[in-house]
Amino acid sequence: NLKMAFPKTSDSFRMRRGASVNLSFPGVCCVHCADKEYVTPGGRSFPSAPDNFASALNTSLYNHMQSCRYIPDDIKRALADIRKIHSAQCANNTFGSQRR
């Protein structure tokens, strides 16, 4: 439920630590609220480097999807279930085994 998005100049306030948004570097946004007037915080993410992309998906976008008023409840429940399964799988792995 994400789509590629290019930042707008208005997205620069979403960046942390005063970093500016690189207008040519794509990010992702929620397809459910991308074109709506009200966007729940975290619905657009523009990681500063490709390595930060997974972290953005795991934290801010997941939190957005749980609080976005436009995402159906069945999708929110499915995401929560998948996250629980993933946490259980990670608990059975040795530290660092996801990095390959």
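For clarity, every value in this text was computed on a predicted model and none was experimentally measured. (Residues numbered from 1 in each chain as written. Predicted model: local features only at pLDDT ≥ 70, side-chain atom pairs only at ≥ 80, totals over all residues. Heavy atoms only, no water.)

The alternating pattern of strand β2 (residues 27-30) places Gly27 and Cys29 and Val28 and Cys30 on opposite faces, both of which are buried. Relative to β2, strand β1 (residues 2-5) is paired through 4 bridges, and the arrangement is antiparallel. In the strand pairing of β2, Lys3 is matched with Cys29. (Buried < 20%, exposed > 50% of the residue type's maximum accessible area, 1.4 Å probe, protein only. Helix = DSSP H or I, 4+ residues; strand = E, 2+ residues; numbered from the N terminus. Pairing = 2+ DSSP bridges.)

In this model, the chain carries an average pLDDT of 75, and 74% of its residues clear a pLDDT of 70 or more. At the low end of the mean pLDDT range in the chain sits β1, at 73; at the high end sits helix α2 (residues 73-91), at 89. (pLDDT = per-residue confidence, 0-100.)

Turning to the side chain of His64, a few remarks are in order. Within the secondary structure layout, His64 lies in helix α1 (residues 53-67). Judged by its relative accessible area of 1%, His64 is buried. Excluding residues within four positions of it along the chain, His64 makes contact with Cys30, Cys33, Thr40, Pro41, Gly42 and Gly43. (Contact = heavy atoms within 4.5 Å.)

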